[in-house]
Amino acid sequence: MNIVFVLIPLSLVLVALAGWAFFWSVNHDQFDDLDTPALIPLSDETSSGPAEGESKKP
Amino acid sequence: MPSLTCFHCGEPVAGDAPLVARVGALDHPVCCIGCRAAAEWIASLGLQDYYRLRDTPPPRAVAVGDYSAWDRQQLQRMYVHQRDGGDAEVCVLLEGLRCSACSWLIERALSAMPSVREIGVSVPGKRVRIVWQPQTESLSALLGALAHLGYVPHPLDRESLNDVVEREQRTALKRLVVAGLGMMQAMMFAIVLYAGALEGIEPSTRDFFRWIGLLVTIPVVFYAARPFFAGAWRELRARRPGMDTPVAFAVALVFVASIVETLRGGAQVYFDSASMFVFLLLGGRYLEMRARHRAADVVDALARLQPAVAERLDANGVPESVGVHELQIGDCVVVADGATVPADGELVSAECRVDESLLSGESKPLLRHRGERLIAGSIVVDGPAQMRVARVGAETTLSAIVRMIGRAQQQRPRWSRYGDRAAGYFVCALLMVTVVTAAAWLVIDPARAFAASLAVLVVACPCAFALAVPAALARSLTVLAQRGVLVLTPNAIESLIRANYFVFDKTGTLSERGLELVSSEAIGPISVEACLRIAAQLESGSTHPIADSLRAAAGEAEPARAQNLRRVAGGGVEGDIDGEHYRLGRVQFASANEAGDDDRIVLAGSRGILARFELREALRDDATATVDELRKSRGGIEILSGDSHSRVAAIAGRLGIDRFGSRVHPDQKLARLAQLRAAGMNVAVIGDGVNDAPALAGADLAVAVGGGAELAKSSADIVLAGDRLGGLIEARAIAIATLRIMRQNLLWSLVYNAAAVPLAAIGWVPPWLAAIGMSLSSLAVIANSLRIRAAAPRATAPVPAAARNLTPAPA
């Protein structure tokens, strides 16, 4: 039963981590455009495109 | 693949594709030079995948305009934000930005420009934010690049960079998720406590779980619920308690009571109830906010009617480009052909024709004489015109309209306000019942007073009340939007249910803008086909609907051979083909010695009339079905049109409508609407908004069919996007379903509370059961609201946009 006293604080740490990650992603524009990123893997582009494009994005 | 649609914009290509764009190794037909340029540029950037990824075709590409005026310092000060390190930032509204493939294309294409550092495209907001190095690239070059892709760029002023809407949305999302996470945790620990209460639990373990529950509820109460406390504080200071006051009170009370219980090791804690309460309320508000913001895009569309640049004449009469904000009253301004009037003022040059369709709804260009008023936002059709500025900036008519719309969008639906008020009364009553319960138990059995009064507070669920209306409304707005029906004003759903008299505009609403050729008859020695080809030659280069239908009927396009083409306003066109002189147009014009008939077009050669063409308006695909359906629901139907009697009668006859008015001026339309409303009718006006904006404004419910002018859409309560009239029928069914669901929700929460509160007050409900009851009552309301989709009949579904574009991907 005593394991609960370890696991529950651990779960709280994980929740805090999840909350922090979510705030980070909202602040970094991750929730502003929910459509375009889904298309990126569909393009066969291999050359100059991706690397350059990624670096330009905030 | 049908070869006759434009590769870029998907519009039909006239004839046998005289223009081709080379993409990859293949030639694709395109409809115009603009589209060819766009397609080839996209291909040259290696971005052909755009054509495979998109699900909505872009608008027809327009020829790239001149954006050099945007490089002026005075103008840039207002539109460009200088960032540290020499970078500049600008926010541009893009006309024609429709789907995620568009945003993909823009991101990729602009990333390829060396000076561009950051790009953020927002499809719902139709805007792109660009950070670039102004030393290496001018703003006009960026705008030119966007225009090159086929999007019309409109820079937005600096305030829009600091996006209020975006911040509001982000904060709301964060609060909602915090409340959600906290709620899940609190419930998990609450289950332990409930189980413990049933099976037995050591007090120390129980207290441990209570403290943990308190810990996870703290962020919910102090962060997620802050809007409620702030709102309550505002309401109390204004001495006008609204919805936030009881909510904040209930949250604070339950939270404080639970802390007290935790500290003294009492019978029950309610951290789960507190966080769930906050989460559900925030959820309802979040959905409402999203719907409100979607409507706000329309205001942006209006704002872009105002041009940013004007041609001012200096003392010597030499024009110079200045920013519109630099204009002063009394300045003399030149408005070029096809340009937008920058400010309200009076015409100084002799006369000109202006298109005010976006403002007044009059579709025909209006003739203005010297000294008459020109309104900012209207378009000069045959310029250049000179005008003297009379009103600028916020004083103009256009600004007033923008403000009006902005105000309308701040309002919440009447139903929502009723719901809020009901919930407010409910909470006040509830607090009193709690006090009475506590007082009564203190007299009878002080030991049970706290538990019983808390049970009353928790079991009675104000959030079921508070959610009853917004949950149903938000759900119906979402369902409607999915079907292409955009609800712009708060009370539109209510008005839609009440409407029992439907007034249609004709052109662009019941009928398409285009014409169809019904019959053609050769009179002279030349065959019908040859006559059609001659007619098509004469009309080559014209964008008039008559020209389009004649060209379509003539079939394959030939290289233009017509010479000396001359267009006579109100008459027709004349020109020479192979040495022979032809006239095409109204009978009086083509051949002087014959009487006129409105709908016939006549082709005449030098030896008299060669052929007659009869054109008629093409009915919208679903016009008949829609009118029949409305008639079935016993609604009155009438057509009011500014068009001639014979045309209106023809359309009315085809649809079986017996009440119609022709040659109706806008003010007469308004008078007719007032008369109908005085007779007790709830009038809905359905128009394309271009020539009936005033009528739309005077109706109980204004419906605009999409594709019309942006402004008219904004004076509409409902916009049927995607040009489908049938959306009206679906919207009505959904609205009726919404009302039913809303009533069920309210009834349910009333019955539940009426049953549960007395039981709790007499102490029969242990607080843990009360908490479960409260949660279930809220969930029942939400689940019931989700049924709105199922309740609505699915009418003829539109062809999915994706299906139309299943063209093979370029190699």
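The sections below set out a description of the structure shown in this document. Bear in mind that the values here come from a model prediction, so they are computed numbers and not experimental data. (Residues numbered from 1 in each chain as written. Chains lettered and ligands numbered in written order. Predicted model: local features only at pLDDT ≥ 70, side-chain atom pairs only at ≥ 80, totals over all residues.)

### Considering the sheet that holds strand 11 (residues 344–347) of chain B
Backbone-to-backbone hydrogen bonds join strands into a sheet, with any given pair of strands oriented parallel or antiparallel.
Residue and element names in this part refer to chain B.
Moving on, step 1. Pairing within the open sheet is antiparallel, and its six strands lie in the order 9-8-10-16-11-14. Edge positions in the open sheet fall to strand 9 (319–323) and strand 14 (373–374), since each of these has one partner strand only.
Moving on, step 2. Of the pairings in the sheet, the one linking strand 8 (residues 309–313) to strand 9 comprises five bridges and is antiparallel in character. Among the inter-strand pairings, A310 is bridged to a residue of strand 9, identified as V322. (Pairing = 2+ DSSP bridges. Helix = DSSP H or I, 4+ residues; strand = E, 2+ residues; numbered from the N terminus.)

### Describing the environment of B:F271
Residue and element names in this part refer to chain B.
Moving on, step 1. By the secondary structure assignment, F271 is in helix 10 (residues 271–303).
Moving on, step 2. Judged by C-beta crowding, with 33 C-beta atoms within 10 Å, F271 ranks as buried.
Moving on, step 3. Separated by 14 residues in sequence, F271 and A257 place their C-alpha atoms 9.6 Å apart.
Moving on, step 4. Sequence-distant contacts of F271, defined by excluding residues within four places in its chain, comprise A186, A190, G213, L214, T217 and S258. (Buried ≥ 20, exposed ≤ 12 C-beta atoms within 10 Å, placed from the backbone. Contact = placed C-beta atoms within 7 Å.)

### Notes on the pairing of strand 8 of chain B
Residues and elements named next belong to chain B.
Moving on, step 1. Side chains A310 and R312 of strand 8 all project onto a buried face; the interleaved residues V309, E311 and L313 project onto a face where none is buried.
Moving on, step 2. Turn length for the strand 8-strand 9 hairpin, with the two strands adjacent in sequence and antiparallel, is five residues, and the turn residue G317 shows positive phi of about 80°.
Moving on, step 3. Two elements, strand 8 and strand 10 (residues 332–335), share two bridges in a ladder whose sense is antiparallel. In the sheet register, R312 faces strand 10, and the bridge partner there is V333.

### A word on the sheet that holds strand 13 (residues 366–369) of chain B
Residues and elements named next belong to chain B.
Moving on, step 1. In space, the three strands of this open sheet follow the order 13-12-15, with antiparallel pairing throughout. Two strands in the sheet have a free side with no partner beyond their single neighbour: strand 13 and strand 15 (379–380).
Moving on, step 2. Sheet topology note: the strand 12 (residues 351–355)/strand 15 ladder contains two bridges and is antiparallel. If you follow D355 over to strand 15, its bridge partner there is I379.

### Brief notes about the nonpolar core
All names here are of chain B.
Moving on, step 1. If you look at the biggest cluster of nonpolar residues, it comprises 117 residues, and the most contacted ones within it are V251, V278, V459, V703, I718 and A760.
Moving on, step 2. The leading source of residues in this core is helix 24 (residues 727–761), at 13 residues.
Moving on, step 3. If we ignore the near neighbours within four places in the chain, the residues touching A760 are A452, A455, V456, V459, V765 and A770.
Moving on, step 4. Listed in part, the 65 residues of the second largest apolar core include V30, L93, V335 and A385. (Core = buried A, V, L, I, M, F, W, Y, C linked by C-beta atoms within 7 Å.)

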